[in-house]
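Results of the structural survey
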Amino acid sequence: MGVEVKFCSACGSAMEYREMDGHSRQACTTCSFVHWGSYSIGVGALVKKDDKMLLVRRAQNPGKGFWTNPGGYIEQLEPIEETIVREVMEESGIEAVVTGVAALRDQPRDIHNVYIAFAMDYVGGEPRPDNYEVDAAGFFTLEEMAEMNVAPFTRWLADIAFRGQSAGLLKDAAPIVPLNGYGLFRV
């Protein structure tokens, strides 16, 4: 069912369950607000340099002690492309630019999580941890990763970064119709 919402986020009135589109949904008893679900959107970076991929070691749970690719969650009004550039810089001190969308993870649960992994080009900087979220950072080969405590999902992403068969979805820098405020990626 997901997270139960007791009060309307639009007007503060009580919520009730109603049958809508074949699903039991929470709806406001006063206004027209419907709670369609609880979602979180995470982003991750696949930054490669000289046949190595950028990894950071988590200093906090979840995942404390595991090596992962840099990433985080989007802010409400932040485009995802800006989120991943910011997260890479904050966690590792590396400047990188988005080239495309390399992978997507769909994880339905109480708060439905979608994770978008971006292929990124290294621009500059030396890996340095933020010493808050992460306590180590560096570029590593697949062979080096085999001997490290790399999180399973990150191993899957590294395989895509090094052995992927496609360029993925690429940024559409010149869409056929101007769509200001949209982040557009296409085949």
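Our subject is the structure that appears above.
Cut-offs and rules
Residues numbered from 1 in each chain as written. Predicted model: local features only at pLDDT ≥ 70, side-chain atom pairs only at ≥ 80, totals over all residues. Heavy atoms only, no water. Helix = DSSP H or I, 4+ residues; strand = E, 2+ residues; numbered from the N terminus. Buried < 20%, exposed > 50% of the residue type's maximum accessible area, 1.4 Å probe, protein only. Contact = heavy atoms within 4.5 Å. Areas by Shrake-Rupley, 256 points an atom, 1.4 Å probe, with all protein chains shown as cover. Lys, Arg positive; Asp, Glu negative; His and termini not counted. Charge placed at Lys NZ, Arg CZ, Asp CG, Glu CD. Disulfide = S-S within 2.5 Å. Pairing = 2+ DSSP bridges.

1. Focus on the overall build of the chain
Helix and strand counts for the chain stand at three helices and 12 strands. Across its three principal directions, the C-alpha atoms of the chain cover 60 × 45 × 25 Å. The buried share of the chain, reckoned over its 187 residues, is 36%. Within the chain, counting contacts between residues at least 6 apart in sequence, those at least 24 apart form 55% of the total. Accessible area for the chain stands at about 11,200 Å²; split by element, carbon and sulfur atoms hold 53% of it. On the chain, the mean spot of the 17 positive side-chain charges and the mean spot of the 26 negative ones are 2 Å from each other.

2. Re the state of the cysteines
Counted under the stated rule, the structure contains zero disulfides. Cys28 supplies the cysteine sulfur nearest to Cys11, a cysteine that is in no disulfide, at a spacing of 3.5 Å.

3. Some details on the pairing of strand E1 (residues 15-20)
As paired strands, E1 and strand E2 (residues 23-28) are joined by six bridges and run antiparallel to one another. Within E2, the residue paired with Met20 across the bridge is His23. Counted between consecutive antiparallel strands, the loop separating E1 from E2 contains two residues, among which Asp21 sits at a positive phi close to 50 degrees.

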